[in-house]
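# Per-entry structural report
Chain residues, written in single-letter form:
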Amino acid sequence: MGLLLVVLAGWQIASWWFDWPEFLMPAPTDVGAAIANDGDRLLAATLRTGLAALAGFGTSLVVGVLIAIIFSQSRLVRSSCYPYAIFLQTVPIIAIAPLIITWFGTGFPSVVLVTVIISLFPIIASTTSGLLVIDEDLLELFRLYRATRWQVLRKLRLPHAIPYLVTGARTSSGMAVIGAIVGEFFVGHTTTHYGLGHLVLITSQHLKTANLFAAVIASAVLGIALFGTVTWVGSTLLARWDTTGD
Amino acid sequence: MDCTTTHPALALDRTTVAFDPEHVVLDQVDLEIATGEFVGLVGPSGCGKSTVLRLLAGLLEPNSGTVHRSGTQRIALVFQEPNLLPWRTVEENIRLPLELAGMDATETHRRVNESLELIGFTVADASKRPRELSGGMRMRVSLARALVTRPDVLLLDEPFAALDDLLREQLNEELLAIHAARNTTAVFVTHNVSEAVFLSDRVVVMPPGTDREFTDVPVEFPRPRTASLRADATFARLAGEVSARLRQASGEVER
């Protein structure tokens, strides 16, 4: 916090000293005024983006875990389909946005879809690792007691994968906010209902740089809030999972 | 070489295990374990002791030869590492085999309490997680998990190797008490010659390499055995004999 105050103070002083134009580099006081004056619109946009990020993140969690479970049960499916999961990580949204608009139109559902595309892979990758990378002695223990495949999945693989899933979820949560904003850039807005992504676009186009800063700050706060929440939930869940016990 | 019995509890008959043509672990090995017998298995690292246990447990199939297990025996294996599931409590770890077998809750609860009592754990200990336990306590839980199925055969793969001597000796005596109470057939793999002699009715020396025979050293001390046995001159002689056989089998020159 001390460092932040020093940076803000230095920025304010530099704005006065160099007399930067507001459209180029607004002072902290200008950004503060933009937040105060445009608070309602900023809040509404933040809530809309937050909702899209949550919906996309939640969908990624469910779909990602299901895909990871399927991958863990079949080497053939895993080796065939895993490259397509990697595709999700590398596909440029700008390239597929026209396709998404053609198939699903613009608006909230398309934004959620883009969020899922961007945030899904960390869940798949980490959970698959957690389901598969298991001490051979533990697998041997379950073989010794003639456990069925379903019992091994339910009583060994899934609990073992929880810490890995939490790690993937933390990464995915940050990417979900990015995904929601990027989605709003390309596929998701109306003139009356829009999120932070669209707010960033219109404020930058109109050179309302102080408002742009405000939108960026709101995006960061949203990202921190979601990441922090997922981290807290993960820590609570992992209280049982301290693996230093064995 | 082997203890001839009419109906051995376990037997390997000309059993070969090779993980690849260059790596033959066991070559036409013969071994018989009588019902209720406590057999110590000693040998240098890499001679195939753990492989023998895994064959007897049914975790491994031989490339040739046969593995005999009489009747419908329940077999339990205690690993060198406790292998407790860290997200489960002591009680939940112990009842795992019974859950997998689909045993009803009442009987499961009764057997788990029985196992907890056998290893000297209280009700408060039962709700602890592995991270809250010492190494010795975790090994006891691993043993309790093996015993909860009331096995006819108990296979132990160097279970006390990572523990200090004092704790190891204490657990040796506890293991003997359990063996006496249940008349369980046991095969105990160890590097520790003194431990093998203390626990066993017979010590089987496994040589390295694939062209040597197992050798038996009978141990005829009466039971129950206590820590004072280790100070006995005959005990020292027997331990020396086993060590000598090990060195001979390894090809070292005896002094």
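In the block above lies the structure referred to throughout.
Here the residue numbering is sequential within each chain, running from 1 through the sequence in written order. Chain letters and ligand numbers both follow the written order, the letters beginning at A and the numbers at 1. Per-residue local features are limited, in this predicted model, to residues with pLDDT of at least 70; the limit for side-chain atom pairs, both in listing and counting, is 80 or more; totals at the level of whole chains, interfaces and linings are taken over all residues.

## Thoughts on the overall build of chain A
- In DSSP terms, a helix is any run of H or I states spanning at least four residues, a strand is any run of E spanning at least two, and both are numbered starting from the N terminus. A tally of regular secondary structure across chain A gives 10 helices and 0 strands.
- Only C-alpha atoms enter the radius of gyration; for comparison, a globular chain is expected to reach 2.2 Å times N to the power 0.38, where N is the number of residues. A globule of 246 residues ought to have a C-alpha radius of gyration of about 18 Å, yet chain A, at 22 Å, is considerably larger.
- Across its three principal directions, the C-alpha atoms of chain A cover 75 × 50 × 25 Å.
- Three classes are used. A residue is buried when 20 or more other C-beta atoms lie within 10 Å of its own, exposed when 12 or fewer do, and partly exposed in between, with C-beta atoms placed from the backbone. The buried share of chain A, reckoned over its 246 residues, is 38%.
- Here, residues touch in the contact sense if the C-beta positions derived from the backbone fall within 7 Å of one another. Counted over contacts in chain A with a minimum sequence separation of 6, partners at least 24 positions apart contribute 79%.

## Considering the sheet that holds strand β5 (residues 75–78) of chain B
Residue and element names in this part refer to chain B.
- The 6 strands are arranged β5-β6-β7-β3-β8-β9 in an open sheet whose pairing can be described as mixed. The outermost strands of the open sheet, each flanked by one partner alone, are β5 and β9 (215–218). Between one strand and the next, the sheet's axes are offset by a mean angle of 20°, whatever the strand orientation.
- The pairing of strand β6 (residues 153–157) with strand β7 (residues 185–190) spans 5 bridges and is parallel. Pairing of Leu 155 across the sheet is with Val 187, part of β7.
- Taken strand by strand, helix α6 (residues 135–147) contacts β5 and β6, and its axis lies near 170° from that of β5. Should DSSP find at least two bridges between two strands, the strands are regarded as paired. Axis definition: a line fitted to C-alpha atoms, over the contacting stretch in the case of helices. Angles run 0 to 180 degrees between N-to-C directions.

## Looking at the interface of chain B and chain A
- Opposite the 16 residues of chain B that make contact, chain A presents 17 residues.
- Gly is placed with the polar residues, together with every amino acid not listed as nonpolar (Ala, Val, Leu, Ile, Met, Phe, Trp, Tyr, Cys and Pro) or charged (Asp, Glu, Lys and Arg). For the side of chain B that touches chain A, the per-class residue count stands at 11 nonpolar, 1 polar and 4 charged.

## Observations regarding the pairing of β6(B)
All names here are of chain B.
- Most of β6 sits inside the fold, with 5 of its 5 residues counted as buried.
- Judged by which residues are buried, β6 turns out to be covered on both faces: Val 153, Leu 155 and Asp 157 on one side and Leu 154 and Leu 156 on the other are all buried.
- Judged from the 4 bridges that link them, β5 and β6 form a sheet pairing that is parallel. Residue Leu 77 lies in a different strand from β6, and its bridge partner there is Leu 155.
- Whether a crossover is right-handed depends on one test, that the path from the first strand over the helix to the second runs clockwise when the strands point away from the viewer. The parallel pair β6 and β7, bridged by helix α7 (residues 165–182), forms a crossover whose chirality is right-handed.

## Observations regarding the pairing of strand β2 (residues 23–33) of chain B
- Judged from the 7 bridges that link them, strand β1 (residues 10–20) of chain B and β2(B) form a sheet pairing that is antiparallel. Counted as the bridge partner of B:Asp20 is B:His23 from β2(B).

## Quick notes on the sheet that holds β2(B)
Residue and element names in this part refer to chain B.
- Here 3 strands make up an open sheet; going across it, the order is β2-β1-β4 and the pairing antiparallel. One side of each edge strand has no neighbouring strand; the edge strands of this open sheet are β2 and β4 (64–69). If you compare each strand with its neighbour and ignore which way they point, the axes differ by 25° on average.
- Pairing between β1 and β4: 5 bridges, direction antiparallel. The residue of β4 that forms the bridge with Thr 16 is Ser 64.
- Contacts between helix α1 (residues 49–57) and the sheet are confined to β1, β2 and β4, with β1 contributing the most and set at about 120° to the helix.

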